[in-house]
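# Summary of structural features
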Amino acid sequence: MGDEISRRYNKVDDAFSQKRCLTWFHEYTTPDDPDTLGPDGMEKFCEDIGVEPENVAMLVLAYKMGARQMGFFTQCEWLKGLTDLQCDTAGKVQCKLDYLRNLLNDPNAFKTIYRYAYDFARDKDQRSMDIETAKAMLQLLLGKHWPLYAQFAQFLEQSKYKVINKDQWCNILEFSRTISNDLTNYDVDGAWPVMLDEFVEWLRLLRSQSTIS
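The text that follows walks through the structure, step by step, so that each part is easy to find. For clarity, every value in this text was computed on a predicted model and none was experimentally measured. (Residues numbered from 1 in each chain as written. Predicted model: local features only at pLDDT ≥ 70, side-chain atom pairs only at ≥ 80, totals over all residues. Heavy atoms only, no water.)

### A few points about the overall build of the chain
Put simply, the rule reads: In DSSP terms, a helix is any run of H or I states spanning at least four residues, a strand is any run of E spanning at least two, and both are numbered starting from the N terminus. What the globule rule says is 2.2 Å times the number of residues to the power 0.38, and the radius of gyration is computed from C-alpha atoms. Values of accessible area rely on a 1.4 Å probe in the Shrake-Rupley scheme; residue burial ignores everything except the protein chains shown. All tallies of charge rest on Lys and Arg as positive and Asp and Glu as negative; His and the ends of each chain are not included. One atom stands in for each charge, and that atom is NZ of Lys, CZ of Arg, CG of Asp or CD of Glu.
Broken down by element type, the chain carries 11 helices and 4 strands. Here the C-alpha atoms of the chain give a radius of gyration of 22 Å, more than 25% beyond the 17 Å that 2.2 N^0.38 yields for 213 residues. Considered along the principal axes of its C-alpha atoms, the chain spans approximately 80 × 45 × 30 Å. On the chain, roughly 12400 Å² of surface is accessible, and the fraction owed to carbon and sulfur atoms is 51%. A distance of 5 Å separates the average location of the 25 positive side-chain charges in the chain from that of its 33 negative side-chain charges.

See below:
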């Protein structure tokens, strides 16, 4: 009998509570701005769930919340994402981290999150994303999966590009998925952005030089 009662109580504790979720949110906000969790709160939140702020799971979590700006969660975003995930404690979010990372293994979900990352990470005053932010986000999203990522990062490093626009951003993903590492199936007359034509030209030159030497 006692076991049954304690089991029932545990079950109640496990049930998602919006009230508990909100109380938890306010642990990270300040009296000046109670409806927004800002960079300091974000740092503490990341510590509590045991991930680095630049961990890809944080990007997927922000996507789940529909967060509009990097480094900030509004109360509405927090409630939306964590109600969806049924999380109202740090422990429950920790249990969901693998699930969040695994979402990236689904090609369609990955594409949606990749596109989301562009608007999420760019400075809202700018129409394009600055190159440093773009490199950090590309490293996070494509660094492990795209064999040519290191060369592409090197290309950007020495290029004249200061920003990346959304068309270029979306095409980089498409390129990483469809173009073989030896570039033989790259069509210069295709509808690729000039940036990718230049990358292919640069990489072919680099490879021919290393063959000669």
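### Focus on helix H4 (residues 56–65)
We apply this condition: Per-residue accessibility, obtained with a 1.4 Å probe over protein chains only, is compared with the maximum for each type, and a residue is labelled buried under 20%, exposed over 50%, and partly exposed between these values. Every residue pair with non-hydrogen atoms within 4.5 Å of one another is taken to be in contact.
Most of H4 is tucked away: 9 of the 10 residues are buried. Every buried residue of H4 is accounted for by Val56, Ala57, Met58, Leu59, Val60, Leu61, Ala62, Lys64 and Met65. Those residues of H4 that are buried are in contact with helix H3 (39–49), strand S2 (73–74), helix H5 (75–85), helix H6 (90–102), helix H7 (107–121) and helix H8 (131–142). Count one or two residues on from H4 and you reach Gly66, which has phi positive near 70°.

### As for the side chain of Ser176
Secondary-structure assignment places Ser176 in helix H10 (residues 166–178). Residue Ser176 is classed as buried on the basis of its relative accessible area, which comes to 17%. Not counting residues within four places of it along the chain, the set of residues in contact with Ser176 comprises Leu142 and Trp146.

### A look at H3
We count it as follows: Read the arc as the range of directions from the helix axis to the C-beta atoms.
By the burial criterion, the buried members of H3 are Gly41, Met42, Phe45, Cys46 and Ile49. Taken down its axis, H3 places every buried residue within 140° of arc, on the same side. In H3, the exposed positions that point more than 90 degrees away from the buried face belong to Asp40 and Glu47. Looking at the buried positions of H3, the neighbouring elements they touch are helix H2 (18–25), strand S1 (36–37), H4, S2, H5 and H6. Among the residues trailing H3, Gly50 stands out with phi positive, at a value near 75°.

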